[in-house]
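# A look at the structure
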Protein chains: 2
Amino acid sequence: MKEQNKIPYKIYLEENEMPKQYYNVRADMKKKPAPLLNPGTLEPMTAEELSGVFCEELVKQELDDTTAYFDIPEEVQDFYKMYRPSPLVRAYCLEEKLQTPAKIYYKFEGNNTSGSHKLNSAITQAYYAKKQGLRGVTTETGAGQWGTALSMACAYLGLDCDVYMVKVSYEQKPFRREVMRTYGANVTPSPSDTTEVGKKILAEHPGTTGSLGCAISEAVEAATSREGYRYVLGSVLSQVLLHQSVIGLEAKTAMDKYGIKPDVIIGCAGGGSNLGGLISPFMGEKLRGEQDYQFIAVEPASCPSLTRGKYVYDFCDTGMVCPLAKMYTLGSGFIPSANHAGGLRYHGMSSIVSELYDQGLIEARSVEQTEVFKAAEEFARVEGILPAPESSHAIKVAIDEALKCKETGEEKTILFGLTGTGYFDLKAYENYNNGTMGDYIPTDEELQKGLAGVPNFPGNEIK
Amino acid sequence: MKEQNKIPYKIYLEENEMPKQYYNVRADMKKKPAPLLNPGTLEPMTAEELSGVFCEELVKQELDDTTAYFDIPEEVQDFYKMYRPSPLVRAYCLEEKLQTPAKIYYKFEGNNTSGSHKLNSAITQAYYAKKQGLRGVTTETGAGQWGTALSMACAYLGLDCDVYMVKVSYEQKPFRREVMRTYGANVTPSPSDTTEVGKKILAEHPGTTGSLGCAISEAVEAATSREGYRYVLGSVLSQVLLHQSVIGLEAKTAMDKYGIKPDVIIGCAGGGSNLGGLISPFMGEKLRGEQDYQFIAVEPASCPSLTRGKYVYDFCDTGMVCPLAKMYTLGSGFIPSANHAGGLRYHGMSSIVSELYDQGLIEARSVEQTEVFKAAEEFARVEGILPAPESSHAIKVAIDEALKCKETGEEKTILFGLTGTGYFDLKAYENYNNGTMGDYIPTDEELQKGLAGVPNFPGNEIK
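The shown structure was predicted, so the numbers you read here are calculated from the model rather than taken from an experiment.

### Side note on the sheet that holds strand 9 (residues 229-231) of chain B
All names here are of chain B. Pairing in this open sheet of four strands is parallel, and the strands run 8-7-6-9 from one edge to the other. Two strands in the sheet have a free side with no partner beyond their single neighbour: strand 8 (186-190) and strand 9. Sheet twist, expressed as the average angle between the axes of neighbouring strands with direction ignored, equals 25°. Along the sheet, helix 8 (residues 174-182) contacts strand 6 (136-141), strand 7 (160-166) and strand 8; its crossing angle with strand 7, the most-contacted strand, is approximately 170°.

This is the structure:
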């Protein structure tokens, strides 16, 4: 075991050191992320328009790009205390295994039943729904982490929770479904005949196994067609990144306590919720010119929105019922190859992350999944934790960076986000163990096909 | 949210407060647990005899009933730092839900990839195997928690790990199997044709789906028939309870820090490893007359070794290759009804727990599984954590005790062991959610049939 320099394996903050406010990185961005547009008028969405879909307080948070801090409601702080602070872990064993001079840290968000960081925003969104006097919320889920998180939050607050689960996951991941049911959620395989948009999709594509974009459309309809319901979303939106800033704030407080400055900060990126949350307070320092950091977003080569997508306004869902968002996108019709395991399969990227990336403040790398699972296994064997496939994208690049340090002799400090655990992804691990996992990189032609669905209006041309 | 009296939701010890020694409760027992016997000679097993099966250092620990403290090897302390200290949680939300004046605490051992407390002993046993220069270890696993724990420990230390997994679990719990494979273990469904005892059982019972006792026999043979291997066991043995004392020691240190004295300490009991580990330091105080506590062992009504078994010498395994142990037993041929979900299915009970129970120092209760799952769901919805079915036995009785306090107005402090998470038990939760879970209490006749297999020699008669 390596000399420890008094840094413990795991740094837990005391409860009174936990963040009491979320940090809104948009406040420190000179060039702000582009606003959501009404797809009919192409005008920025107003609070009034959005409040038919989202809770009022969340609409305020969504539209506010100047207020730097938002109070975390006390009830949410109490809920956080059940599973937070999450540990900031010094990866001594991984460093030893890699024989690297780099110092590796990870913020581990998997120590809760939803198995990921998603719970951080689920409770806040459910809390504001409850406060508004609503009966319940609707949402979609793919792999099931978000749906589980929301079910947990709603069970705690006594809210109805209707989850539209992508049909292929509903059938292939019965265990995630049962966790949600144990927390009292209604779980419907999507597309379903419970919504008009679902019926339409079923009529047009009989036998379809569904997609995230299609489940979003159903969940939005289920929220807007009934009294007392609103729709909530687990990623992409600016409000979600705001809530997820709790990850970065805790990490930064823990590092500050021990005088540690990260040189490189790495996160996996699907919709951008974890990455955006983890980097927010560090990015704030960078934007204010106080400190420099290198930020790396890691995405799957099979769903490469940052590295191969276009930065334009696009639909957020298949049914095109949601506002338009400006983001790095592969087109709302893009569906990753069936070979793709785990999450990080959304066609677009959070507008905050997209704008930061466009300004060159974040780098992006795409990685293939067999090398991701190789990194996952290596990590699991020395650090103990079986990581989620999503999180393992960050592990892969953290290992790459640590090995570069080994070559150059640099003693860089690396921080990455370990968003969750892989207990519900063992089918993918089984494929990897059996050597039957493949890689797939979409061709330029396939990407063009997806991008053809991007709405065409002046200023939004695909170049 | 209830007034908090400055007790945080979760108490984490600092790394330097973690135990550096295990506590051996036998040292403080005036009447010691009965020794293991050689089934051939009926004489106490010698260190020499045992060292063909177990590692030398572990044999010393197994036989030593007078040394109160054993150093935890530094390498094991380092490994513990990856997932320990485990939190001592104040169940504020459960108290609020129950509207009880009782104060409820639980020591949560599920925050590691094995999903349970089993890792605490797996690493120590693997460490001594490594230190002895062995190539690897063999073991059996039922539901898979112990096999996963041992695989993790062996991956970390670079030891071979051969796991005999009860065939029905191997087939019905492919995910547990894949976790073990990800950690590099060889997993063989038991009974198998890789051992003589396995071949014999297969010939006599073609098509059998296996049992824990049968997998133990195979694992012992696989260890003793090759150079460089030893057998390790996840419960029942006194060495395992010694290692698991880390649970109780941490819990006691955390409680002492805040001046909390538990009145009632509750643990689920299968082989006794968690219960024995949790209660050890508290029982030490009781045995030394320093402090009184109420201890409650909770077992399934479908496998009621303490409440309906006999306290005699019995075989530890089906193949009868292991030493005889004096314990509360249902007979080595007893197999719980197919309807029984989860672990806690071993026919016997740790000789330490058995002796303490026989002396009236521990109470025992048996509970039926539908009420256990009801308690599990209630707990999950307010405390967030999805508990393992095993742990939920303790939850059930903790809730019962808290509701008694509500009736009487007593402000008792209740501590229970939350041994693990239920992420791999969702088939059972599904049955519960669908209302298809049943209960089964074995008849007296069935129990007599099991007990008929107990060896008959002078002083060992079933009364």
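### Some thoughts on the pairing of strand 6 (residues 136-141) of chain A
Residue and element names in this part refer to chain A. For strand 6, the buried fraction is high: six of the six residues fall into the buried class. Neither face of strand 6 is left uncovered, since the one carrying Gly 136, Thr 138 and Glu 140 and the one carrying Val 137, Thr 139 and Thr 141 both have all their residues buried. Relative to strand 7 (residues 160-166), strand 6 runs parallel, the two being bridged by six bridges. When the sheet's bridge partners are listed, Gly 136 is paired in strand 7 with Asp 160. Taken together, strand 6, helix 6 (residues 145-157) and strand 7 form a β-α-β motif whose crossover is right-handed. Strand direction decides the pairing type here: strand 6 and strand 9 (residues 229-231), joined by three bridges, are parallel. Its bridge partner lying in strand 9, Gly 136 is registered against Tyr 229.

### Concerning the layout of surface pockets
Quantified by volume, the second largest pocket comes out at close to 700 Å³. Contributing to the lining of the second largest pocket are 34 residues, with Tyr 12, Leu 13 and Glu 14 of chain A together with Tyr 12 and Glu 14 of chain B lying nearest its centre. Contributing elements (two or more residues each) for the lining of the second largest pocket: strand 1 (10-11) and helix 3 (74-83) of chain A together with strand 1 (10-11) of chain B. By residue number, the principal contributor to the lining of the second largest pocket is helix 3 of chain A, which donates three residues.

### Quick look at the relation of the copies chain A and chain B
Overlay of chain A on chain B (RMSD 0.0 Å): rotation 180°, translation along the axis 0.0 Å. With respect to symmetry, the two chain copies, as superposed, fit the operation of a two-fold axis. Scanning chain A for the C-alpha nearest the rotation axis identifies Asn 111 of chain A, at a separation of 3.0 Å. When the interface residues of chain A are mapped onto chain B, 100% of them again fall at the interface, so both copies present the same face.

### Looking at helix 3 of chain A
With eight of ten residues buried, helix 3 of chain A lies mostly within the body of the structure. Inspection of helix 3 of chain A places Val 76, Gln 77, Asp 78, Phe 79, Tyr 80, Lys 81, Met 82 and Tyr 83 of chain A among the buried residues, and these make up the whole buried set.

### A few points about the environment of Gly 198 of chain A
Within the element layout of this structure, Gly 198 of chain A appears in helix 9 (residues 196-204). Residue Gly 198 of chain A is classed as buried on the basis of its relative accessible area, which comes to 0%.

### Thoughts on the sheet that holds strand 10 (residues 264-268) of chain A
Residues and elements named next belong to chain A. Sheet architecture is open: seven strands sit in the order 1-4-5-15-10-11-14, paired in mixed fashion. Looking along the sheet, the strands with just one partner apiece sit at the ends: strand 1 and strand 14 (363-367). With five bridges joining them, strand 10 and strand 11 (residues 294-300) adopt parallel strand pairing. If you follow Ile 265 over to strand 11, its bridge partner there is Phe 295. Relative to strand 10, helix 12 (residues 273-287) is tilted by about 155°, and along the sheet it contacts strand 5 (103-108), strand 10, strand 11 and strand 15 (413-418). Sitting on the sheet, helix 15 (residues 369-383) touches strand 4 (88-90), strand 5, strand 14 and strand 15, and the angle it makes with strand 14 is about 95°.

### Some thoughts on the pattern of salt bridges
Across all of its chains, the model carries 61 salt bridges over all chains by this definition. Here the salt bridges do not stand alone but share partners, grouping Arg 177, Glu 178 and Arg 181 of chain A together with Lys 427 and Glu 430 of chain B into one network.

### As for the environment of Gln 448 of chain B
Among the secondary structure elements, Gln 448 of chain B is positioned in helix 18 (residues 444-451). With 114 residues separating them in the primary sequence, Gln 448 of chain B and Phe 334 of chain B have C-alpha atoms 9.7 Å apart.

### Some thoughts on the packing of aromatic side chains
What the rule picks out here adds up to 39 aromatic pairs over all chains. Here Phe 175 of chain A and Phe 175 of chain B contribute two aromatic rings whose centre-to-centre distance is 6.0 Å and whose plane-to-plane angle is 80°, an arrangement assigned as edge-to-face. Pair noted here: Phe 175 of chain A is in helix 8 (residues 174-182) and Phe 175 of chain B is in helix 8, and the two residues belong to different chains. Relative to Tyr 92 of chain B, the ring of Tyr 9 of chain B has its centre 4.9 Å away and its plane inclined at 55°; by these criteria the two rings are tilted. Remark: Tyr 92 of chain B occurs in helix 4 (residues 92-98) and Tyr 9 of chain B occurs in the segment before strand 1; sequence separation between them is 83 residues. For the pair Tyr 9 of chain B and Tyr 92 of chain B, one class covers both residues: buried. Here the aromatic residues Phe 79, Tyr 80, Tyr 83 and Tyr 156 of chain A are joined through ring pairs into a cluster of three or more.

### Focus: the interface of chain A and chain B
Contacts between the two partners involve 45 residues from chain A and, on the opposite side, 45 residues from chain B. Counting the surface lost from both chain A and chain B, the interface buries some 4200 Å², and carbon and sulfur atoms represent 56% of this. Among the residues of chain A in contact with chain B, Thr 182, Arg 381 and Tyr 423 of chain A are the three that bury the most area, contributing 16% of the side total. Counting across the interface, chain A meets chain B through two salt bridges. Arg 177 of chain B serves as the salt-bridge partner of Glu 430 of chain A, at 3.1 Å between the closest nitrogen and oxygen. The tally of links between chain A and chain B comes to 28 residue pairs in polar contact (both at pLDDT 80 or more). Breaking the side of chain A that touches chain B down by element, the ones donating at least two residues are helix 3, helix 6, helix 8, helix 15 and helix 17 (426-433) of chain A.

The rules we used
Residues numbered from 1 in each chain as written. Chains lettered and ligands numbered in written order. Predicted model: local features only at pLDDT ≥ 70, side-chain atom pairs only at ≥ 80, totals over all residues. Heavy atoms only, no water. Pairing = 2+ DSSP bridges. Helix = DSSP H or I, 4+ residues; strand = E, 2+ residues; numbered from the N terminus. Axes fitted to C-alpha atoms, helices over the stretch in contact; angles between N-to-C directions. Contact = heavy atoms within 4.5 Å. Buried < 20%, exposed > 50% of the residue type's maximum accessible area, 1.4 Å probe, protein only. Right-handed = clockwise from strand over helix to strand, strands pointing away. 1 Å grid on protein atoms, 1.4 Å probe; cavity = no way out; pocket = protein on both sides within 12 Å on 5 of 7 lines; lining within 4 Å. Points joined across faces, edges and corners; volume = space filled by probe spheres on them. Least-squares fit on C-alpha atoms with pLDDT ≥ 70 in both. Salt bridge = Lys/Arg side-chain N within 4 Å of Asp/Glu carboxyl O. Phe/Tyr/Trp six-rings, centres within 6.5 Å; stacked < 30°, edge-to-face > 60°. Buried area = accessible area lost by both parts, 1.4 Å probe. Polar contact = N/O pair within 3.5 Å; in protein donor to acceptor, adjacent residues only side chain to side chain.

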